[in-house]
Structures are given as C-alpha cells and as structure tokens.
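Fold and contact review
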Amino acid sequence: MTIRLFSLALALLGCFPLAGMAQDIPRSANGTPDMQGIWQAQTQSAVNLEDHVARVDVHAGQSVVAGGSIPYQDWALARRQENFANRGELDPLNKCFLPGTPRIMAMPWPFQIFQTDKHVAITFEWTQVYRLIYTAGQEPLYPGFEHWMGDSRGRWEGDTLVVEIRDLNDRTWMDAAGNFHSAAAVITERYTLQNANTIRYQATIDDPEVFTEPWTISYPLARQSELTRLLEYQCQAEVEEANGEFEPEENLWYPAPVPEENFPFDTQASTSLRLPDVPADIERRNGGNPDISGYFMSSPSGANYGLEKRENFDIFPPAGGVVVDPIDGVLPYQTWARQEMLERREPWRGYDDPTAHCFVAGIPRSHYVPSPFYILQPPGYVIILHERMSYRVIPLDGREHLPDSIRLWMGDAVGHWEGDTLVVESSNYNGKAWLNELGDVTSHAQTVVETYTPVSDNQIIYRATVSDPIAYSRPWTIEMPLNQAQEELLEVACLEDNNDLPHLKDVRDEHRASLNQEN
C-alpha cells in the first residue's frame, strides 16, 4: 500500500509541477528569472499571424492567434485584405522602416536580452533596433509621444515579465500579411522562462478602434547558445548598396590596402595622456566598479562639424576642436586623405555622408552626433543605446575579436575595467562611416580605444584614440565630457521621415551632369 501511494504521488508530481520546481530555471541576483542571452523566435508568424500556405520564398505556417483568427471589425477586415493585396508596395518593412512591436519579436533575426534592476533591454540584429523596457515603476516622461516601437513599461508578476506597450503610432504592420492596428492599441506582452532555453512569449492586443475584442498571440523563443554575439543586418544600407544608390569608396572600404604613397604609420607617436581623477565617493555598483549607467548627452564642441578647431565654413557652424593628441589639435592626415576630406566639404558630396541616408553613425561619431544615449550595466556587459536608433554591446569577458573577414558599421567592441576607467577596444570596421558632416575620414583599418572615466556622479570624460594606417600617419585622440541628465530616450525614426536625401541627390547628380558636359 505504501509503495502504491508513493507511486501515485510521483505521478501527481509529473502532472502538476510544484511551485518550488520553478527554481530549476536560471535566476538573476535579485531572484527574478535570468533571461539574459541571445534568442530567436520559433514561428512563421512574421509572414502571417494566422494560418497561411507556402508561397515563393515563404514558408507555410499555422496561426499563433488564440482561437485561430483575428477578431476584426468589418471595415478593418476589408482594409487588411487591401493591405495584403498591395503588400509589396504598402508593407513598411519593405522600405526598411522600423517594424514596430510585436512584429519585431517574430522576425527571423536573433536578438539579445539584458537585465538590470531597473531595465530590460532587447537589442535586435535587424538594423540595430533596440527596445528599452523600464521595470522599476518609472512613469513615462513624455506620455502621448508616439513611437514606431512603442513606449514599454514592465513589471514582474511572479516569474513572468509583463510589459505594457503604449503610444504606438499607426504606421506599422504586425506581419507581412497586412495585419494592422491603430494608434489606440495597447499591447501587453508576457515573457515566461519555461526552462533554461525556452521563453514562452505572449502578446495581447487591445485596440477597440480596429478589433471587436482583445486577442492574444503566443509562440516560443529559443536560446541560441551557439551564438556568442549579434552581428549586423543594416537593411537600408544593404538595399542602397545593392541598387547603386550608396557607392563604395575604394580607398576606405574593406578590404582596401594601405596606399603605397603613404607616409609610414608611426605607432609610437601618440602621447600618453593621464586619465582624469575619479572622486573617492563616486557611486559604485555591487562589484565595486563605478556606476556609469544612465542618460547622457555629450558636449562635443561641434565635433559633428569637424574634429579640428575652425571658424564658420559655408553652412557649417564653428567647431571648438576636440583633438587633444597631437597637442596642436591637427589631425595627422595622409596627404591624399586630407584632400578627400576637403572635397567632402563641397555641397555635391553631402549625399555621400552615410548619416544623410539614416545609416548608423559608427564609432566614435555616435557619441557626438547631436543625439543622447543611455548606458546600461547588466551582468557581464556595458550596453550603449543611442537615441538615433543604434546600439553597442560591449562584453567584459575578455573574448577575442571577430575574424578579420567580418566587418561592421559599429565595429566589434571588447571592454574591461582599468581601475575606475572603462576601456573599450574596437576593431573590424567596414570603413563606410564618416567621422562628421564636414567629412573627416576613417577607413576599415581603424582601431579605436575608448576610455570612459567618471569624474562625478553626473559626468564622464570620454576619450577615443583612433589608429588608422590608411588615412593617417599616426594615432590621434579626441576628448569630450558626457553629461548625465534625468531624462528618457525618445525615438529618432530617421529613415521613416527623411525628406532631405532627395535634394542632396539632386545636387550630386547636377554636379555629375555638368562634369559630363565639360568632358
């Protein structure tokens, strides 16, 4: 009898897991489930949330909607059908626009989750998109300000992360089939870590302007344990390169060689600059390192309009100069590279600046493009989220850099602490970025060593030393303060509202046409 009762108890345990068994999942230091890692959706719902058959280059898939179908109002169902019929032209994703939420979660690119006591951040391989989810009860500073990705506020309900998304605009679709929502939509996500390698993702869409009742989607997210880092898929850059609208610069893009006429690169010429002093009472994290997290804006003395000191030039405002090495403040250009920079000042070259196309700014430019950024310090990383929709993931585990053949706009960063200074070493650039609107030059051969030294609880002194044997004759260093403020990132959807690029293209094309006539 005792044996039979014991067997029955085991059977019941198998059918009804006890609450204590949830301890089998990994947990963070504060006891919440630890979801940090690289994940990818296991679903075909990016194509269509509902049942769909295969088409050319499209997998078939079953509905992820509870009940099978979306409860549209009659007028909205007609619009969805119109969207589907004209999806090639109307789908915002076909223009490389921001996908919105929840669509971004189902797309076939990996993403990485990071956790702190006050935030969850999700960085996506697709076009450097990210989400910053506030989880410590922070009220929105700008309620009603519409976003493509929405404003996300999270909380923990037991072992489930619940995220409420508001202030979405009405310009995104929820899949490639034309399913849509209005600006009144409120989306509630639930992330439940079922085991170490699986998250159950659910999203409930409540939008009385479009649907007859709230409805829910659900699918698993799988940990990608064999991936050590996210790479890049820069959608618009890839499209424009493929169709010839963004043209290579042969001397600068990977794998351009060092020009034979270059002066030898003097690696020993750089000055050893003393790091700023760090106050003894600086705020610190549990591990003892300084707390450098928060919202920051640089004071770059006009670096986005030139790194050297100069007066007004044409339409460009003056630049105060941020070069601290060499001590004369002059960039140590190779002769041909300075000529390239001077040519970039001509109006017809404005179209060639990648940021005019809304491509990511690269490093170090991302710190002095006039746009704020947010620093997070989750376990094992420093994360920098730029409001101009790009990010950097800086691992602190001493890993090796990527193979030389993998090249990125933002470079491959590896960080470590030297005393109270964060040191970040970056390589593997593709050479496509400009250093500013005035056209200061950089190539794929650059390596960048950055230092972030906190000099108070609300200021960091930032330095970047650039070693680039293609464009320069020696390393050089810039410096600027990064000032903290009690603010929140908004969203700069540059590409979606870029009206200036066609005019810049007209100026370039008119210049080329005049040259052809002269010849």
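On a predicted model such as this, the values are computed, not experimentally measured, just so you know. (Residues numbered from 1 in each chain as written. Predicted model: local features only at pLDDT ≥ 70, side-chain atom pairs only at ≥ 80, totals over all residues. Heavy atoms only, no water.)

1. Thoughts on the domain arrangement of the protein
Note the following rule: For the domains described, the bounds stem from an automatic or database domain assignment. A contact between two residues is defined here by any heavy atoms of the two lying within 4.5 Å. A quick way to say it: buried area is the sum, across both parts, of accessible area lost when two parts are put together, with a 1.4 Å probe.
As far as domains go, the protein holds domain 1 (18-223) and domain 2 (285-503). When each unit is reduced to the centre of its C-alpha atoms, the spacing between domain 1 and domain 2 is 31 Å. At the junction of the two partners, domain 1 supplies 31 residues and domain 2 supplies 26 residues. Summing both partners gives a buried area of about 2400 Å² for domain 1 against domain 2, and 62% of it is carried by carbon and sulfur.

2. Quick word on the pattern of salt bridges
Side chains that differ in sign of charge can pair as their charged atoms come close. Note the following rule: Salt bridges, as used here, are contacts in which a Lys or Arg side-chain nitrogen is within 4 Å of a carboxyl oxygen on Asp or Glu. Only DSSP runs of H or I covering at least 4 residues are called helices, and only runs of E covering at least 2 are called strands; the numbering of each starts at the N terminus. Only protein chains enter the area calculation, which uses a 1.4 Å probe; residues under 20% of their type maximum are buried, those over 50% are exposed, and those in between are partly exposed.
Under the counting rule described, the total for this entry stands at 32 salt bridges. Note that R27 is salt-bridged to D159, the shortest N-O span being 2.8 Å. In this pair, R27 is assigned in the loop between α1 (2-15) and β1 (37-41) and D159 in the loop between β5 (151-157) and β6 (160-166), connecting sequence segments 132 residues apart. Of the residues examined, D159 reaches a relative accessible area of 27% and is grouped as partly exposed. Here E249 and R344 are joined by a salt bridge, their closest N and O atoms 3.0 Å apart. Within this pair, whereas E249 is found in the loop between α5 (235-243) and β10 (294-298), its partner R344 is found in helix α6 (residues 335-344), the two being separated by 95 residues in sequence.

3. Structural notes on the pairing of β1
Defined as follows: Any two strands are treated as partners once DSSP identifies two or more bridges connecting them.
The element β1 is extensively covered by neighbouring structure, given that 5 of its 5 residues are classed as buried. Across the two faces of β1 the burial is the same, with G37, W39 and A41 and I38 and Q40 all buried. In this sheet, strand β2 (residues 111-115) lies alongside β1 in antiparallel orientation, the contact comprising 3 bridges. Each bridged residue has a counterpart across the sheet, and for W39 the counterpart in β2 is F111. Bridging between β1 and strand β9 (residues 215-223) involves 3 bridges; their strand directions are antiparallel. By the bridge assignment, A41 is partnered in β9 with L221.

4. Points about the layout of surface pockets
The cut-off we apply is this: Method remark: on a 1 Å grid restricted to protein atoms, a set of points is classed as a cavity if a 1.4 Å probe fits but cannot get out and as a pocket if it is open with protein on both sides within 12 Å along at least five of seven lines; lining residues have an atom within 4 Å of a point. Grid points are joined across faces, edges and corners, and a volume is the space filled by probe spheres set on the points. Ten residues, namely Ala, Val, Leu, Ile, Met, Phe, Trp, Tyr, Cys and Pro, are considered nonpolar, four, namely Asp, Glu, Lys and Arg, are considered charged, and the remaining ones, Gly among them, are considered polar.
Each pocket or cavity is described by its volume, and for the largest pocket that value is around 1200 Å³. Along the walls of the largest pocket sit 43 residues, with T116, K118, R285, D291 and S293 positioned nearest its centre. Both domains that meet at the lining of the largest pocket, namely domain 1 (18-223) and domain 2 (285-503), each give it at least three residues. Its volume calculated, the second largest pocket comes out at about 670 Å³. Every residue lining the second largest pocket is counted, 30 residues in all, and those nearest its centre are G350, D353, A356, E437 and L504. Split into classes, the residues belonging to the lining of the second largest pocket amount to 13 nonpolar, 6 polar and 11 charged.

5. With respect to the nonpolar core
We count it as follows: As used in this record, nonpolar core signifies buried Ala, Val, Leu, Ile, Met, Phe, Trp, Tyr and Cys residues forming a set joined through side-chain atoms within 4.5 Å.
One finds M105, I122, Y191, W215, Y219, L221 and L385 to be the most contacted residues of the largest nonpolar core, which totals 69 residues. Each of two domains, domain 1 (18-223) and domain 2 (285-503), supplies a minimum of three residues to this core. Not counting residues up to four positions away in its chain, the partners in contact with L221 are W39, Q40, A41, M105, F111, Y191, N197, T198, I199 and Y201.

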